[in-house]
Amino acid sequence: MAKSDKTAVRETFSSGLAVFFATLGSAVGLGNIWKFPYLTGEYGGGAFLFIYLLCILFVGIPIMIGEFYIGRKTRQNPVGAYKQLSPDSYWKINGFMGVIAAYLIMFFYSCVAGWVYFYFFKALIGDFSSITMATAKAEFGSVVIGPFAPLFWQFFVLTVVAAILIKGVEKGIERITKTLMPVLFLLIIICDIRALTLPGAGEGLNFLFHVDFSKLTSVAILTALGLAFFKLSLGMGTMLTYGSYFTKDNNLFGTASKVALSDTIVSMLAGIAIFPTVFSFGMEPSAGPGLLFMTIPLVFSQMPLGSILLVAFFFLTSIAATTAMISIVEVVTAYFVEERKMNRTKAVVINSLVIAVVGVLATLSADKDSLLGGMTFFGKGFFDWFDYLSSNVLLPVGGLLIALFIGHVTKKQDLKEELSNQGTLAIDFIFEAFYFIIRYVTPILLIIVFLNAIGIIKV
Ligand code: PHE
C-alpha cells in the first residue's frame, strides 16, 4: 500500500473483486430501485429506457473511465486532483461543484433512505400483512407526510452512514457489499418471478419495453441523461474518489463496463418487478416517487413466505442505499480531510450535521401535503429542487467538464499510459474508440441535450 504524506489517509481496495463490489456498491442504490422505475413510469416507458441506455453507453461509461483516470493517477480528492493535474487553473472549480452536488443529493437521498428504513421496520413488525391497493397508497402518504417518523428515520440513516464512515470505509464496505450485493440480486429476481406470474403482467412488460418515440419530450431526454449520471454516481467526483483507492493493476475499462452493465441489469430487474405489478393492480405507472413503496408490499402480499421476503427486500434496499450514501459523503469527507486538513471524525460529524439540518427541508417538502409542501419556488419545493439541481444540472455539467478535461486538456499519451497500466494491457483499439467518444461524441451529445432542454434547439 503506497502511502505518501499527502495521501496518508488513503488506503487501496484490496483486490480487483473488492474494487468491483465497492464501485458497484456506490452505483447500485435508490437510483435503481426507486428512481429508475418511477421516472420510467412518468416519462412513458420504453422510449425513455432507450434514451437512458444510449446515455449510459455514450456518456456514462466514457465519463466513468475519465473519473477513474483522474482519481487513480492523482490519488487525491476531486479538488486536490485537479490542482495536481492542472495547477493554477480554474479546473478545481469542477471539484468544488462535486462537493456541492454531494450535499444536494444527500439532502433528499437521506430522506428517501429514511422511508426505506422505515418500511423495513414496518415489514419487520408485520405492518403489511393485510395490505391492499387502497391501503398501500394511504400508508405511503402517511409515512411521507409524517412529520416526526420520516425525520426520525432520516436522522437514523445519517447516523448509520456517519458511524460507518468514521470507522473507515474500505474494510466494512468491502465486506458488506461483497456479501449482500449478490443476495439483493437474487431477491429482485424472486420479485420478478412473482410479478411476472400476476394476471395482466404482459401489459407491464409492454409498457417498459415498447419504444414509442412520440412520448419523448425534451424534459424526458434531460431526465434520462440526469438519471444516467445519478445512477452511475458520475459528474461529482464519487467515481474519481473511488478511483483514487483502486489498485494500480486494475483494468479501468473492464471495471467501468462491468459496473455499468451490472448496474443496468439491476435497474431493469427492478423495472420488471414493478411494472407488471402496477398494471396488474390497476395502478398508475406515473404515480411518482411513491411507486416502489406502493407496489413492492403488494407484490409480496398473499404469497407464501411473502412477509419474510418483504423484510429481506427492504433490508437489502436499505443496504444498497447506505453503500451509495457512503460514497457520496466520502467525497465531502475526503475534501475536508485533505484540502482543509480536518480530522476524519470531525469532518464526518460536521458534514452529517449540516446534511441533517438542511435535509429537514427536503423531508418536510416531499409531498404537497407535507408541512412545507405548499412552499414552492418556480413550481418546485425544496425536495424537488435538490433533486433537479443535482441530477439535471450539476452532474451533467460536471460530466461535460470532465469529458472536456479528458478529451482536450489531458495529454493523450498520459491518458493511454495510465489506462493501459503503463503499457501492460493491450488496449489499442478500445483506447482509440474511447478517446474519440470522450473527445467528440460525449461533449456534443451533452451540449445538444442542454440546448434542447433550455429550448434553444428542438430535437
Ligand atoms: N448511484 C447512486 C444510486 O443510484 C446514487 C449516487 C449518486 C451515488 C451520486 C453517488 C453519487 O442510488
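Everything quoted here is computed from the prediction, not taken from an experiment.

Analysis parameters
- Residues numbered from 1 in each chain as written.
- Predicted model: local features only at pLDDT ≥ 70, side-chain atom pairs only at ≥ 80, totals over all residues.
- Heavy atoms only, no water.
- Helix = DSSP H or I, 4+ residues; strand = E, 2+ residues; numbered from the N terminus.
- Rg over C-alpha atoms; globule rule 2.2 N^0.38 Å.
- Contact = heavy atoms within 4.5 Å.
- Areas by Shrake-Rupley, 256 points an atom, 1.4 Å probe, with all protein chains shown as cover.
- Near = heavy atom within 4 Å.
- Polar contact = N/O pair within 3.5 Å; in protein donor to acceptor, adjacent residues only side chain to side chain.
- Salt bridge = Lys/Arg side-chain N within 4 Å of Asp/Glu carboxyl O.
- Buried < 20%, exposed > 50% of the residue type's maximum accessible area, 1.4 Å probe, protein only.
- Core = buried A, V, L, I, M, F, W, Y, C linked by side-chain atoms within 4.5 Å.
- Phe/Tyr/Trp six-rings, centres within 6.5 Å; stacked < 30°, edge-to-face > 60°.
- Lys NZ or Arg CZ within 6 Å of the ring centre and 35° of its normal.
- Axes fitted to C-alpha atoms, helices over the stretch in contact; angles between N-to-C directions.
- Parallel < 35°, antiparallel > 145°, perpendicular 65-115°, else oblique.
- Nonpolar A, V, L, I, M, F, W, Y, C, P; charged D, E, K, R; others polar.

S.K.: Would you explain the overall build of the chain in this entry?
M.R.: Across its full length, the chain carries 18 helices and zero strands. What you see for the chain is a C-alpha radius of gyration of 21 Å, in line with the 23 Å of a compact globule of 459 residues. Seen through its principal axes, the chain has C-alpha atoms that stretch 60 × 50 × 45 Å. For the chain, the proportion of contacts with a sequence separation of at least 24, taken over those separated by at least 6, is 81%. Counting every atom, the chain has about 17800 Å² of accessible surface; 69% of that belongs to carbon and sulfur.

S.K.: Looking at this structure, how should I read the site of the ligand?
M.R.: Among the 15 residues in the neighbourhood of the ligand, the closest are listed as Ala27, Gly31, Tyr109, Phe230 and Lys231. One of the backbone nitrogen or oxygen atoms of Ser26 is found 3.2 Å away from a nitrogen atom of the ligand. At 2.4 Å from an oxygen atom of the ligand is found a side-chain nitrogen or oxygen belonging to Tyr109. The fraction of the free accessible surface of the ligand (320 Å²) that becomes covered by protein chains is 100%. Of all the elements, helix H2 (residues 30-42) adds the most residues to the shell around the ligand, at three residues.

S.K.: How should the pattern of salt bridges be read in this particular structure?
M.R.: A side chain with one charge can pair with a side chain of the opposite charge if their charged atoms come near. Taken as a whole, this structure holds 11 salt bridges when the rule is applied. Ionic pairing is found between Lys231 and Asp263, a salt bridge with its closest N-O pair at 3.3 Å. With Lys231 in helix H10 (residues 218-231) and Asp263 in helix H12 (residues 252-280), the pair connects residues that are 32 residues apart, well separated along the chain. Its relative accessible area of 0% is what places Asp263 among the buried residues. Salt-bridge contacts for Lys368 lead to Asp369; the nearest nitrogen and oxygen are separated by 3.9 Å. Overlapping salt bridges, with partners in common, bring together Arg72, Lys248 and Glu418 in one network.

S.K.: Help me understand the nonpolar core, please; the structure alone is not making it clear to me.
M.R.: A general feature of soluble globular proteins is that nonpolar side chains tend to end up buried together. One finds Phe293, Ile296 and Leu419 to be the most contacted residues of the largest nonpolar core, which totals 156 residues. Residue contributions to this core peak at 20 residues, all from helix H5 (residues 92-124). When sequence neighbours within four positions are dropped, the list of residues in contact with Ile296 reads Cys191, Ile274, Leu310, Phe313 and Phe314.

S.K.: Is there a simple way to explain the side chain of Thr74 in this structure?
M.R.: Mapping Thr74 onto the fold places it in helix H3 (residues 46-74). Excluding anything up to four places from it in sequence, Thr74 contacts Ala81, Gln84 and Leu85.

S.K.: Whenever I open this one, the packing of aromatic side chains confuses me. Can you help?
M.R.: Aromatic rings in a pair are described by how distant their centres are and how their planes are angled relative to each other. By the definition in use, this model includes 46 aromatic pairs. Relative to Phe21, the ring of Phe20 has its centre 5.1 Å away and its plane inclined at 65°; by these criteria the two rings are edge-to-face. Phe21 matches Phe20 in its accessibility class, with the two residues each being buried. The rings of Phe108, Tyr109, Trp115, Tyr119, Phe128, Phe140, Phe230, Phe293, Phe300, Phe313, Phe314 and Phe383 are connected pair by pair, giving a single aromatic cluster. Stacked on the ring of Phe230, the Lys or Arg Lys35 has its end atom at 4.1 Å from the ring centre. If you follow Lys122 out to its NZ or CZ, it ends over the ring of Phe118, 5.0 Å from the centre.

S.K.: Can you walk me through the environment of Ser420 in this structure?
M.R.: Looking at the element boundaries, Ser420 is found in the loop between helix H17 (412-419) and helix H18 (428-453). Expressed as a C-alpha distance, the spacing of Ser420 and Phe253, which sit 167 residues apart in the sequence, is 9.1 Å.

S.K.: Would you explain the packing of H5 against helix H7 (residues 148-167) in this entry?
M.R.: Helix-helix packing is described using two parameters, namely the angle between the two axes and the distance between the axes. Interhelical geometry of H5 versus H7 gives an angle of 105° and a closest axis separation of 7 Å. Considered as vectors, H5 and H7 are oriented roughly perpendicular to each other. Across the interface between the two elements, Met106, Phe107, Ser110, Cys111, Ala113, Gly114, Trp115, Tyr117, Phe118 and Phe121 from H5 touch Ala149, Pro150, Trp153, Gln154, Phe156, Val157, Leu158 and Val160 from H7. Among the residues forming the contact of H5 with H7, the class breakdown is 15 nonpolar, three polar and no charged.

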